[in-house]
Amino acid sequence: MNDANSLWGSRFEGGPSASLAALSRSVHFDWRLAKYDIAGTRAHIKALMSAGYLTSLEHEKLDRSLVELANRVENGSFVAKQSDEDVHSALERGLIEIAGPELGGKVRAGRSRNDQIATLIRIYLLDQSEVLHRLVIDLIEVILTRSEEHLGVAMPGRTHFQHAQPILLSHHLLAHAWPLVRDLERLQDFKKRASLSPYGAGALAGNTLGLDPNLVAAELGLQGPTQNSIDATASRDVVAEFLFITTLMSINLSRFSEEIIIWASAEFDYIKLHDSFSTGSSIMPQKKNPDIAELARGKSGRLIGNLTGLLATLKGLPLAYNRDLQEDKEPVFDSIDQLTLLLPAFTGMVATMQFNRNRLEMLAPLGFSLATDVAEWLVKKKVPFRDAHEITGKLVSWCEQHMLDLHEVADADMAAISPMLTPDVRDVLSVGGSIKARTGAGATALPRVLDQITALRKIAPKRNA
Ligand code: ARG
């Protein structure tokens, strides 16, 4: 055994080749699991004691050593070495430095890095889901606040990116909050599946020492042990699911970003980004660029890659553990890092962007966006919708030819298009009237938008309230 710290060298004649060691090494990225590894080990030594493999004195000494090791990791006085293969080997070395080889050497009994890593990644992701949860709540809160600030402001609603029907700006903004709420629900649901402990599964078949997996699960704050040791060590669907949720979050941010980028253009001029949340150009002094939104849009591609990369890794793997599974970590760490970087900047951008109310209101009725209101007005006059649609279509086409808006058509011209088009149709030809009339559940009328705000406020209460 060449390397005194290796967890597996004794049956090998020489040490690993430098190229293998470099390939195999994961400590430069799995080191972030150190505190979870120590938590797992503390739970494990309890199980060892309870099964009679450690006296309570030994357990106490080991536990104190692990607390000391955790402190050293935390304050940076214990770090991984170039020769450490992974976080598990590095921490065993650290424990032996503190507790001595005799006692420290007892800890590895009854567990494998396979059940260890499968457990650690779960408790790490459970922790990270709390971090993401808070960051997403912050964004929802800001969307809510912006919606409340602009109650009653109309804007063009679009389908196929063409003017469709007038809507309230608040309604549109809140449409970006709901997908995020569902992402939070997904995170919540993910926890059910993640909160199980693979500890005790050993390499794949379980252990012979009679260690109590319920004890370990409870120590780690998990719901209970996993049901199948092979599945427990070989599956990473929990990681894939977490990656899917983060990817969907980033896609939701990306769709919002795309709108912000368009809205900030001179042609749209819906919004102005705050100086502190936009960037300049090194050559064009006038430029103010929506880089946060662009990075959000760009990073969603990266997150999709992280998810699909892991799915491809998992696709052909026979049971049980294969070293391929080590490839789950960098993508999931990266997706988490990117989102935790992105979300505060994105939230700041949304919190500070200025809406051009007058322009939004001015554009709301353009593009014959009140045509549906005319058709539905006809329906209320008992005209079958098929005919109402046709009459309104003719009216729109007439307006296009004469370069007039719907409400500008003279009574006689309207009557010529259809006798059903009596002058009182003009009552519905206003943006305010159109919005006010849409009172169904989830629709754009102000009372319904206020309903949404009430519902969302339960999820994301006002800050400093
Ligand atoms: N680093 C590995 C992983 O991330 C865990 C170690 C298991 N290694 C092994 N040779 N059994 O999956």
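No experiment lies behind these values; they were computed from the predicted model shown. (Residues numbered from 1 in each chain as written. Predicted model: local features only at pLDDT ≥ 70, side-chain atom pairs only at ≥ 80, totals over all residues. Heavy atoms only, no water.)

Time to look at the nonpolar core. Grouped together as the largest cluster of nonpolar side chains are 104 residues, with contacts concentrated most on Ile 260 and Phe 346. If one sorts the elements of this core by residue count, helix 7 (residues 113–149) sits on top with 16 residues. Beyond its immediate chain neighbours, meaning those up to four positions away, Phe 346 contacts Leu 139, Leu 253, Phe 256, Ser 257, Ile 260, Ile 292 and Ala 296. If you look at the next biggest cluster of nonpolar residues, it comprises 21 residues, including Phe 368, Val 383, Trp 398 and Met 414. (Core = buried A, V, L, I, M, F, W, Y, C linked by side-chain atoms within 4.5 Å. Buried < 20%, exposed > 50% of the residue type's maximum accessible area, 1.4 Å probe, protein only. Helix = DSSP H or I, 4+ residues; strand = E, 2+ residues; numbered from the N terminus. Contact = heavy atoms within 4.5 Å.)

We now examine the packing of helix 7 against helix 14 (residues 329–352). Interaxial distance between helix 7 and helix 14 falls to 9 Å at its minimum, and their mutual angle equals 15°. The angle between helix 7 and helix 14 places the two elements in the roughly parallel class. By crossing handedness, the relation of helix 7 to helix 14 is classed as left-handed. Split by residue class, the contact of helix 7 with helix 14 holds 20 nonpolar, four polar and three charged. (Axes fitted to C-alpha atoms, helices over the stretch in contact; angles between N-to-C directions. Parallel < 35°, antiparallel > 145°, perpendicular 65-115°, else oblique. Left-handed = near helix turned anticlockwise from the far one by under 90°. Nonpolar A, V, L, I, M, F, W, Y, C, P; charged D, E, K, R; others polar.)

Bridging between strand 1 (residues 154–159) and strand 2 (residues 162–168) involves six bridges; their strand directions are antiparallel. Its bridge partner being in strand 2, Gly 157 is matched across the sheet by Gln 165. Counted between consecutive antiparallel strands, the loop separating strand 1 from strand 2 contains two residues, among which His 160 sits at a positive phi close to 55°. (Pairing = 2+ DSSP bridges.)

What follows concerns the side chain of Ser 112. Examined against the element boundaries, Ser 112 turns out to sit in the loop between helix 6 (101–104) and helix 7. Only 2.8 Å separates the side chain of Ser 112 from the backbone nitrogen of Asn 114, close enough to count as a polar contact. (Polar contact = N/O pair within 3.5 Å; in protein donor to acceptor, adjacent residues only side chain to side chain.)

Okay, helix 5 (residues 87–99) next. For helix 5, with 13 residues, the first-to-last C-alpha span of 18 Å sits near the 18 Å given by 1.5 Å per residue. Burial analysis of helix 5 places ten of its 13 residues in the buried class, which makes it a mostly covered element. Listing the buried residues of helix 5 in full gives Val 87, His 88, Ser 89, Ala 90, Leu 91, Glu 92, Arg 93, Gly 94, Leu 95 and Ala 99. (Expected span 1.5 Å × (residues − 1).)

Right, let's talk about the site of the ligand for a bit. Taken together, Ser 26, Arg 113, Asn 114, Ile 117, Tyr 321, Gln 326 and Lys 329 form the complete shell of residues around the ligand. A distance of 2.9 Å separates a nitrogen atom of the ligand from a polar atom in the side chain of Asn 114. One of the side-chain N or O atoms of Gln 326 is found 2.8 Å from a nitrogen atom in the ligand. When the ligand sits alone it has 340 Å² of accessible area, and the protein chains cover 87% of it. No other element matches the three residues that helix 7 contributes to the shell around the ligand. (Near = heavy atom within 4 Å. Areas by Shrake-Rupley, 256 points an atom, 1.4 Å probe, with all protein chains shown as cover.)

Turning our attention to the UniProt feature "domain: Argininosuccinate lyase C-terminal" (unreviewed entry) in the protein chain. Mapped onto this numbering, the UniProt entry annotates "domain: Argininosuccinate lyase C-terminal" (unreviewed entry) at residues 368–435. The annotated region residues 368–435 carries 59% helix and 0% strand content, and the separation between its end C-alpha atoms amounts to 14 Å. (UniProt positions renumbered as here; feature names shortened; annotations may be inferred.)

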